[in-house]
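Inside the fold
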Amino acid sequence: MSMETPTGLYQFPVTKLCMVSTVAVAFAASVANCKYIFLARYDPFISEYRQYSRYLLFQLGCVNETDVALIVLLWYQFRNLERFMGSYKYISVLFVALIYTTVSLAGLNLLLNILLPGKIWNSLCTGSLPLILAMFHFYKEYTPQIYEFDILLTQPWSKSINKKQRKWKLNDQFLVNGLVVMLLLNQGFAGIGCGFISWICGIFLDKGLFPGVDRWRLPFIKKLLVTDGNSNPSTEALDGSSQDEDRDRSTDADAGAAHENESFPVDDEAGNDEPARPLGVQFLDTFRR
Amino acid sequence: MEIDGNTLIFIIIVLFLFFSSPGGDGVSSQYEFNQLQELRTQWNVEYKSFQGMNYNENFQNITGLKLAYQDIIDDESVNATYPLPSKDYSHWSQDQKYAILPDEVISQVKNNVWTQENADKPDLFPPNITGTLRGHIELVSNDKYSKLPMPIQRFYDPPSEFSDVSPHLGDRYLGDEWPPFSELHNVTFDNGELSVQVSHVDRVYDRLKGNQQTYFNSQTDRWKFLNLRLDFSDKTEHEKHSLLTDAVYDVQHGRILAMTQSAKFHSLFAFPHYMNLENAIESEDTFNSLKKLINEYWNASNFVDTLTMNDLQDWYDSAVYKCEYVAFIQLEPWNEYTPDQLKMIDDELNWPLGRPANLSSVPLINLQSGLLYSPDCGIQLKFNNIKGKRYEIQMRSIRAHLLFGIGLFVTQIYLLLCQMHHTNTPSSVSKLSFYSLSMINLVDGSLATLYFIAASILPELYLPLVISSFACFILASIFETRYLILVYASQFNERNVGLLTLLRRSNNDNNDGTNTEAANTVIPDEASISGTLYGRFFFMLISFTLLTLSSTSWPRKIRMIFEYVTIFVLNSYWLPQIFRNAIKGTLPRRSRLRSEALGIQRQNKMPLLWKFIIGTTIIRTLPVVYVFTYSSNVFRHHKDVRFVVVLCLYLLFQIAVLYSQDILGSRWFLPKLAIPEGYSYHKPMSAQELMEHGSSVDHTVDCAICMSEVPVYVEDVPETHKVDLQTYMTTPCGHVFHTQCLENWMSYKLQCPVCRSPLPPL
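Just so it is clear, the model here is predicted, and its values are computed rather than measured.

The rules we used
Residues numbered from 1 in each chain as written. Chains lettered and ligands numbered in written order. Predicted model: local features only at pLDDT ≥ 70, side-chain atom pairs only at ≥ 80, totals over all residues. Heavy atoms only, no water. Disulfide = S-S within 2.5 Å. Helix = DSSP H or I, 4+ residues; strand = E, 2+ residues; numbered from the N terminus. Buried < 20%, exposed > 50% of the residue type's maximum accessible area, 1.4 Å probe, protein only. Contact = heavy atoms within 4.5 Å. Buried area = accessible area lost by both parts, 1.4 Å probe. Salt bridge = Lys/Arg side-chain N within 4 Å of Asp/Glu carboxyl O. Polar contact = N/O pair within 3.5 Å; in protein donor to acceptor, adjacent residues only side chain to side chain. Nonpolar A, V, L, I, M, F, W, Y, C, P; charged D, E, K, R; others polar. UniProt positions renumbered as here; feature names shortened; annotations may be inferred. Arc of directions from axis to C-beta.

**Side note on the state of the cysteines**
Residues and elements named next belong to chain B. Counted under the stated rule, the structure contains one disulfide over all chains. Through a disulfide, Cys 323 is tied to Cys 377; the S-S separation comes to 2.0 Å. Disulfide Cys 323 to Cys 377: torsion about the S-S bond roughly -95°, handedness left-handed. Of this pair, Cys 323 sits in the loop between helix 7 (309-321) and strand 10 (326-331) while Cys 377 sits in the loop between strand 11 (365-374) and strand 12 (379-388); the two residues are 54 residues apart in sequence, bridging distant segments of the chain. Residue Cys 377 is classed as buried on the basis of its relative accessible area, which comes to 1%. Residue Cys 703 stays outside any disulfide, its sulfur separated by 3.8 Å from that of Cys 706, the closest cysteine. Residue classification places Cys 703 among the buried residues on the basis of a relative accessible area of 0%. Cys 741 provides the cysteine sulfur closest to Cys 706, a residue in no disulfide bond, and the two sulfurs are 3.8 Å apart.

Put into C-alpha cells, the structure is as follows:
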C-alpha cells in the first residue's frame, strides 16, 4: 500500500464528475446569465416571493469564481475518500449528504426566521460548501495522517536557552484544512454558519444518527460505476499496481464485491506496442509538425 | 541592433508625432482655439439669457429661437437678429406669434399627438424606455410651411488660409448655398421606415477625459433626460436621414420632446417652453421644473468647459447638411401594471435576481403617436405604429438565440467527428469533395469572425458571443481544416490529371510519358499542406467577412441580391460531392451489400455518413429558415417564405441525388458510353511479364508484403487458368500482390509499396 494517493483522476469517476460539474454548472450559468438562481435568502426570496425552489438549488452552483476554484481543489483532495469507499458508495454517500445538508440548512433557516423576530440569519451560502464540509468530517476521520512538521516561529538556537521555543505544528493535511478555512471565510457569516451546520451533519451521518451511509445506495447507476474486471483488461492493466492495492484496501462490502472477480493484471506484451493515438492527439500532431 | 544618434533622433521625432496629438479639447491651432473660445462665449451668453427667462417670457438672444413663425409670415426677408424692433420679448404664448412652430402644428400636437390626462385614473408609463423601436414614417407635407431662416455664426467656418488667426464675425444664411440635390434638406418620399434608438442619460462626465460620471437629475420621477437617434429612409433606402437628438421624457404623461441641436439651433434652452404645449395657459410649475433639469444637466456636465473641437465640427456639419427637427412623441401607457410591479420589472431588468416579474410578458414600448417637424425646412412627418422591446429584454432574447446556436455548433462538431471516424483511410478520404468541405468551412469561419466582431460591439453579450465564436472557430479552423488537409493530401496525386483520366481511375497505360510524370509527383508532407491550406483559409475568411460586413451598408436592392445569391451558392455544398462521387464511382448499394455478405472486404463504402449529411443540412438550414420565416426575428430580417421553400427544395434535391447515388451507384446518371473503362487491378499476365518479375517454376510471384507466394493467372500457360483473378492485384507499375495485402496497404497509403509510384484508389 503506497502512502500517497495516485495523482490524476484516472479511475476516480465520481471525483471527476464532481470537479467537472462544479466548473461546468458555474460556467453554464454565467454564460446564460442566470447565476442568480443559486442565491438563497430568506428575505425577499422566501418571505416575499415564496420561491422555495431556491432552497433546493443553492448548493448546486457557485456564484463566486473563487468558490469554484476552492471547491474544485477540495474535490481533488477528497479523492482518497473515493478510493477508500469505492466509487459507488462514495456517490451514494455524497447524495445522502447533499440531501441531509440541504434539508437541515433550509429547514433551520426557515424555522429560525419564522420563530424568531428579526433577521438573524438571512442568507444561505452558495455552491456546494455544505457538501464539502460534511465530507470534510469523513476526510478527517478516515484519512490517516502521514507526517507532520514544525515551523519554528522564533529564531532557532537563540542564546537564551530558557526561552520557550514557539513552533507551529503542521501535518500533511494542512492544505485541505487551509482550503476549507478559506472556503468558509470567503462567504462571510453565511459560509461559516452553514459550514458549521453541515459539518455537524457530516458527523451525524458518520455516527449513524442520520441513517443511510451504510445501507442505502443510489439505484440504477451501479453498472456505470462498478466495473467487472473482464470488460477491459488492457486498460485496467495500465493502472494495475494501484488496482492491486485497492483490492487489499477495500473495506466496503460493495466496493470489495466490485473488485472481487477482477483478473490480475496481465503483462501487456501481447497488445499493440504502438501507443494508441486518440483523436485529440491526432489533431494536436497537425500543429506540432 | 545598434542605435546611433540619428536613429535615436528619428525615433524621438516619431514618438513626438505620436504623442503630440491635440489635448482633451482637440484644439490644434490658434484659429481653432479662438473658434472654441467664441463658441464658449456664445453658449455662456445664451445660458445667462436663459437663466433670466421665466415662464411668461419669450426667448431672447438664443441661436435658432430668435424668430417666431409669425415673423416669417409677416416679412419673408426678415433676418434672425436680436433684438427685432417690432418683436414682443416680454410675453409668451403657445402660438405662432411666439413659437417657431405654425399654429396648425401646435394644435395637432395638442389634439392629436399628446393625449389628455385622465383625471380619475392617471396613466402609468414605464420609467425606463431604453431600446430600439421600429415602425413607419409618413410625410404629411414638405411644401406647405414657410422655412424659418436659421443662420450659422461665421466663426464656425474653417479658416480660409493658414495665416488666419481670428475667426470671422457675423453670421450667414445657408438658403442660397445649400447643395442643389434635394434630399439633404428635404424629405421626398411619402412612406418610409423609421427606427428610434432611445438611450437614457442619467449620468454625465464633468470634465474632459474624466473617468467619473455623476448623476444629475433630482426629479427622476418626473423627467428623464434621453438621447434619441432617429433614422428614417424610404423603403429602397435611397434617401436616408439620421438625426441625433437630445430629448426630455415626461414620465407622468408619457410624452417625449426631442430636438436636434446644431450650430444653427441651440435647442437645449427650448425644452421648458415646448414641453409645455398642453393647456392654453402655460404651467409655471412645469416650466420651472424643466428649467431646473436643464440647469442641473448644464452644471453637472460642466457644459461650456467640456466643449471640444469635435462638438464644434459636428454641430457645424449637421447645421450645414441637415435640417433641424422637433419631435413630439406620445407613449402608450402600461396600465396593466401597478407602480410597484413596474419598479420590480425595472429592477429585475437592471439587476436580475429572479424576482417574480414575469419578464416574458412585458409589453412592447409603443409610440402611440408622433410628429416630426422641421422649422428650417418646413417639413412635417408623422409616426406610424412604432414599437420595440426594452433593450434588456431584447438582449435576453438574443442571448437565448446565441445559446441555441452554441448547441448547433456542438452538434456539428460531434457529427464531424463521427464522419472523420467513418473515413479513416486515405482511400475513403479521397472520395470526399474538397470543395464541399471548403464551402462548409468558409461559412463556419466567417461566422466565427462575425461573432468575434459582435462581441466587441455588444458588451452585454460578450460571454455568449465569445463562446459561440470559440465553438465556431474550433469547428472551422481545427476540425474542418484538419479534415480538409487529409482530403487535400489524399487527392494530391490527382493534380494535373484530366477529368477523363480520373473517370477511368488510372494513368494512361499506353502513354509512358504521363506515367513517369505521375510517378515522379512528390506528395508533400502534411505540414506544408497545412501551411498552404491555413493561408488560403484565412485569406478567404477575411475577404468573405469583409464583403459580408460591407454589404450591410449597401442599398437595399443590391444587398438583397447579394444576400440571396450568397445564401444560394453557399447552400450548394453537396453539389461538389455529387460530382466527386460520380468521378470516383461507387457501386450500387445492393452489390456492395452482396460483396460484404461474401466476406470480401472492399473499400467501396459511401464516403459520407447519412447522419452527417442530414445533420449538417438541418443545422445549416435552421438559422436561415428562422431568419426568413419568423417575422419578429432578432436580426430584424424581412420575411420571405418563398425563398426558404425554394432553398429547402434545392437542398432536398441535392440530398435526393446523393441518396440515389447511394442506392443506384454513383454514376447512374452518366450514359454508359461516357464512362471509360477504369484501371483494373485484377488482370491476367503474360509469360514475358512474369519472367521480368523473376517468377518461379510454378508461375508464382513473391508478394512483397507478406513475403509468401502469389499464384498468377498467365495467359500463355493453360494450367494457371484455375487461379481466380480476384486473389491478386497488379499495380500500374507492374508489381503483383495479394488482394488482401495490397488493399490493407492501400488504406494507409496510395503508393506502390515497392516503387512508391502513386496508385489509383479503389
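**Description of the interface of chain A and chain B**
Accessible area lost on assembly of the parts is the figure often given for the size of an interface. On the side of chain B, 21 residues touch chain A, which itself brings 17 residues to the contact. Buried area between chain A and chain B, both sides added, is near 1700 Å², and the carbon and sulfur share of it is 69%. Run the count over chain A and chain B and you get zero salt bridges. If you look at where chain A meets chain B, you find four residue pairs in polar contact (both at pLDDT 80 or more). Contributing elements (two or more residues each) for the side of chain A that touches chain B: helix 1 (13-31) and helix 14 (279-288) of chain A. Here the side of chain A that touches chain B takes five residues from helix 14 of chain A, the largest share from any one element. For the side of chain A that touches chain B, the per-class residue count stands at 10 nonpolar, five polar and two charged.

**Thoughts on the pattern of salt bridges**
All names here are of chain B. If you walk through the whole model with that rule in mind, you get 21 salt bridges over all chains. Between Asp 157 and Arg 172 there is a salt bridge whose closest N-O contact spans 3.1 Å. Of this pair, Asp 157 sits in the loop between strand 2 (152-153) and strand 3 (171-172) while Arg 172 sits in strand 3, placing them 15 residues apart in sequence. The same class applies to Asp 157 as to Arg 172, namely buried.

**Focus: the UniProt feature "transmembrane region" (unreviewed entry) in chain A**
All names here are of chain A. Those places that UniProt annotates as "transmembrane region" (unreviewed entry) correspond, in this numbering, to residues 58-78, 90-114, 120-139 and 174-200. Note that residues 58-78 is 62% helix and 0% strand, and that its end C-alpha atoms are spaced 22 Å apart. Across residues 90-114, helical content stands at 100% and strand content at 0%; the span's end C-alpha atoms are separated by 36 Å.

**Brief notes about helix 18 (residues 589-597) of chain B**
Spacing of three or four residues puts side chains on the same side of an α-helix, whose turn is 3.6 residues. Residue and element names in this part refer to chain B. Here helix 18 has its buried residues at Ser 591, Arg 592 and Ser 595. Down the axis of helix 18, the smallest arc covering the buried residues is 105°, so these residues share one side. Turned more than 90 degrees from where helix 18 packs its buried face, Arg 590, Leu 593, Arg 594, Glu 596 and Ala 597 sit exposed. Among the structural elements, helix 20 (641-664) are those in contact with the buried residues of helix 18.

**Thoughts on the environment of Gln96(B)**
Residue and element names in this part refer to chain B. Checked against the element boundaries, Gln 96 lands in the loop between helix 3 (69-74) and helix 4 (103-113). Exposure remark for Gln 96: the relative accessible area of 14% places this residue in the buried category. Along the chain, Gln 96 and Gln 42 lie 54 residues apart, while their C-alpha atoms are 26 Å from each other. Gln 96 has contacts with Ala 68, Tyr 69, Gln 70, Leu 101, Pro 102, Asp 103 and Ile 106, leaving out every residue within four places of it along the chain.

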